[in-house]
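Letter by letter, the chains look like this.
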Amino acid sequence: MKTLWSLILIVSMVFILGACNGSSESNAEVEGSNAETNEEETNAGNDVEETNAGNNAEEANSNNEETVTLNLSTPDPDSSSITVAAEEFAKVVNEKSEGSIEIEVHANGTLYGADPSAGVRQLGEGSIDMLVLSTSLYANFKPEFSAISIPYIFDDGDQFLSFLNEEPGDKLLDSISDLGIEGLGYWTRDFRQITNSRNPINEPEDLEGLSLRVPNNPLWVEFFQGTGAVTTPMDFGEVYNALQLKTIDGQENPVDVALATNFYEVQDYLTISNHMADGWIVGINDEKFNELSSSQQQILTDASNELQGWKWDFDQGEFASTVEELESEGMEVNELTPEQQQLFVDVSIEAYPEFKEVIQNDEFFTEVLDFVGKSE
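Parameters at a glance
Residues numbered from 1 in each chain as written. Predicted model: local features only at pLDDT ≥ 70, side-chain atom pairs only at ≥ 80, totals over all residues. Heavy atoms only, no water. Helix = DSSP H or I, 4+ residues; strand = E, 2+ residues; numbered from the N terminus. Buried < 20%, exposed > 50% of the residue type's maximum accessible area, 1.4 Å probe, protein only. Salt bridge = Lys/Arg side-chain N within 4 Å of Asp/Glu carboxyl O. Contact = heavy atoms within 4.5 Å. Arc of directions from axis to C-beta. Pairing = 2+ DSSP bridges. Axes fitted to C-alpha atoms, helices over the stretch in contact; angles between N-to-C directions. Parallel < 35°, antiparallel > 145°, perpendicular 65-115°, else oblique. Left-handed = near helix turned anticlockwise from the far one by under 90°. Nonpolar A, V, L, I, M, F, W, Y, C, P; charged D, E, K, R; others polar. Phe/Tyr/Trp six-rings, centres within 6.5 Å; stacked < 30°, edge-to-face > 60°.

Of note, Glu98 is a non-glycine position whose phi angle comes to about 55°, a positive value. Relative to the helices and strands, Glu98 is located in the loop between α2 (81-96) and β2 (101-106). Among the residues examined, Glu98 registers a relative accessible area of 65% and is labelled exposed. At Ala114, a residue that is not glycine, the phi angle is positive and equals roughly 60°. Looking at the element boundaries, Ala114 is found in the loop between β2 and α3 (116-125).

Shown next as structure tokens:
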């Protein structure tokens, strides 16, 4: 009997120990399984994080262009409308590019020694990145640009703007690629007016014998010589001193130039003659332009087009106040009546054969006249 109970006890202990070992092994397997599962989840999470990080990096690279800094030169002082417009252009470009294009504006022609022809050459060679210069000065390189400044060729500002933005203007802008320059677009200028220190100008005879500074462009020479004026081509940087010393009697430019350069200190009379149009070309060195990404190129072009409208509105708003300020500084102002202006128009029409020679492209000259509804 005692032996039987001993046998039962031994069997029971063996059963209990086996059950305990089985439970431990099962728990170990579960823990191992959980550990493997946790490790896989951790690794999977890390993979997701790495993938997301890679995607974010690629997205950042696609959105962030390499930053480029460009210098931009203007011919007139900081307070002039063209330099104010250039500063606005730089601001718009920076915003549109989210900082990837920075433009530094330099006024007064300082980057090219105030010699506009040198400025065009330096732009083409790449020592200047960007330049805003008048269309009339490009005529020294491309004579067809003189067509824009044929006296009284445009009936009003709207017709002038249409010319710049349609086929004739496009042809001219495309032509400067031969100079190593990419033309981004045109900005407008106010029509040109006459200032002098001798007498009011009401008719062509009032210019008889008056020494008048004109740009180094034969178009100006032909027209003003037709009025009897003594034309004196001269770099703009020399004009103030020449007026002060009375080497010359007068000059002609948009009114904002007369104010920005303090011509009222050395000139007594301002005549609102509206005798010539002149535009601004926004140019960039073509190699610098080609180094930019396609999106950066588009930003510069879009901003230039946007600023055309901005500058047009700015000039229209500033004209009257500028004339008033010149009057307050002591200048006597007169505006040509339609009848008086027609006398100057007649002088221009008589000079059409000479203008045609200046432009050196008979076909384009005819195209311009057709566009504005005039004839030879």
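The next point concerns the pattern of salt bridges. Applying the stated rule across the entire model yields twelve salt bridges. Glu252 is paired through a salt bridge with Arg192; the nearest N and O atoms lie 2.7 Å apart. Placement of Glu252 in strand β8 (residues 250-253) and of Arg192 in the loop between β4 (181-188) and β5 (193-196) is noted, with a sequence separation of 60 residues between them. Note that Lys311 is salt-bridged to Asp315, the shortest N-O span being 2.6 Å. A residue pair is termed a helical-turn pair when its members lie 3 or 4 positions apart in one helix, as Lys311 and Asp315 do in helix α11 (residues 294-328) at four residues. Per residue, the accessibility class of Lys311 equals that of Asp315, and both read buried. Each of Arg189, Arg192, Glu252 and Asp278 takes part in salt bridges that share partners, so that together they form one network.

Next up on the list: the environment of Ile101. Tracing the sequence through the fold places Ile101 in strand β2. Judged by its relative accessible area of 0%, Ile101 falls in the buried class. For the pair Ile101 and Thr69, spaced 32 residues apart in sequence, the C-alpha separation works out to 6.0 Å. With near-sequence residues (within four places) excluded, Ile101 lies in contact with Val68, Leu70, Val93, Asn94, Gln296, Ile299 and Leu300.

Moving on: helix α14 (residues 362-372). For α14, the set of buried residues is Phe364, Phe365, Val368, Leu369 and Val372. Considered in projection along α14, the buried side chains sweep an arc of 140° and stay on one side of the axis. Turned more than 90 degrees off the buried face of α14, the exposed positions are Glu363 and Asp370. Contact partners of the buried residues in α14: α5 (157-165), α6 (167-175) and α13 (352-359).

On to the pairing of strand β6 (residues 211-214), then. Residues Ser211 and Arg213 line one face of β6 and the alternating positions Leu212 and Val214 line the opposite face, and both faces are buried. The pairing of β6 with β8 spans two bridges and is parallel. Residue pairing across strands places Arg213 opposite Gln251, the latter belonging to β8.

Another aspect to go through is the packing of α13 against α14. Helix-helix packing is characterised by the crossing angle of the two axes and by the distance between the axes. Packing of α13 against α14 brings their axes to within 8 Å, and their N-to-C directions diverge by 125°. By the angle class used here, α13 and α14 are oblique. For the pair α13 and α14, the crossing hand works out as right-handed. For the pair formed by α13 and α14, the contact residues are Tyr352, Phe355, Lys356 and Ile359 on the first element and Asp362, Phe364, Phe365 and Leu369 on the second. By residue class, the composition of the contact of α13 with α14 is six nonpolar, no polar and two charged.

Next up on the list: the packing of aromatic side chains. In the structure shown here, the tally under the stated rule is twelve aromatic pairs. Pairing Phe223 with Phe224 gives two aromatic rings, centres 4.9 Å apart and planes at 70°, and the pair type is edge-to-face. For the pair shown, Phe223 and Phe224 are each scored as buried. Through a chain of ring-to-ring contacts, three or more aromatic side chains come together here, namely Phe154, Phe160, Phe163, Phe191 and Phe371.

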